Amino acid sequence: MNALVIGAGNDFRQDDGFGIAVARELARRHLPGVRVLELSGEGGSILAALTGQETVFVVDAVRSGAEPGELHRLDAGEGPIPTDFFHY
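Here is a short report on the structure shown in this document. Computed from a predicted structure; not experimentally measured.

With that settled, the discussion passes to the pattern of salt bridges. A complete count under the given rule lists four salt bridges for this structure. In this structure, Arg24 engages Asp11 in a salt bridge whose closest nitrogen and oxygen atoms are separated by 2.6 Å. Taken as a pair, Arg24 in helix H1 (residues 18-29) and Asp11 in the loop between strand E1 (3-8) and H1 lie far apart in primary sequence, 13 residues in all. Residue classification places Asp11 among the partly exposed positions, given a relative accessible area of 37%. With its nearest N and O atoms 3.0 Å apart, the salt bridge here joins Glu38 to Arg24. Of this pair, Glu38 sits in strand E2 (residues 34-39) while Arg24 sits in helix H1, and the two are 14 residues apart along the sequence. For Glu38, a relative accessible area of 39% puts it in the partly exposed group. Arg24 sits in the partly exposed class, given a relative accessible area of 42%. Among the charged side chains, a salt-bridge network with shared partners connects Asp11, Arg24 and Glu38.

Written out as structure tokens, the structure reads:
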């Protein structure tokens, strides 16, 4: 499988650095068939990175109202992503 993992966020903004930390750890492991990017989370840059990709995982911190550390798995092919997870 060829997959793209996008770690989104800003490691200077407390827990917003979670996606970046995950991306760095995955990149360090040099997993075969996995390409890793670190992005700020700005929508245009994420959309540009998706071009031509079949399998993409985006790792980002969200504000969901759940307990800190709660993992949410969302599949964009199954329905819309909740917009209230993101404050901008």
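Strand order in the open sheet formed by three strands is E2-E1-E3, and the pairing between neighbours is parallel. Of all strands in the sheet, those with a lone pairing partner are E2 and strand E3 (56-59), marking the two edges. This sheet shows a mean twist of 20 degrees between the axes of neighbouring strands, independent of strand direction. Two strands pair when backbone bridges link them, and E1 and E3 are joined in this way by four bridges, in the parallel orientation. Within the sheet, the bridge partner assigned to Ile6 lies in E3 and is Val58.

Criteria and cut-off values
- The numbers attached to residues start from 1 for each chain and follow its sequence in the written order.
- Since the coordinates come from a predicted model, pLDDT governs what is reported: local features require at least 70, and pairs of side-chain atoms require 80 or more to be given and counted, while whole-chain, interface and lining totals use all residues.
- Side-chain measures here rest on the full set of heavy atoms in the structure, leaving out hydrogens and waters.
- The salt bridge definition used is simple: a Lys or Arg side-chain nitrogen within 4 Å of an Asp or Glu carboxyl oxygen.
- Strands are runs of DSSP state E lasting at least two residues, helices are runs of H or I lasting at least four, and both sets are numbered from the N terminus onward.
- Per-residue accessibility, obtained with a 1.4 Å probe over protein chains only, is compared with the maximum for each type, and a residue is labelled buried under 20%, exposed over 50%, and partly exposed between these values.
- The pairing criterion for strands is at least two bridges between them, as found by DSSP.
- The axes are straight lines fitted to the C-alpha atoms, using for helices just the contacting stretch, and the angles between their N-to-C directions are given from 0 to 180°.

So yeah, pure geometry; function would need other evidence.
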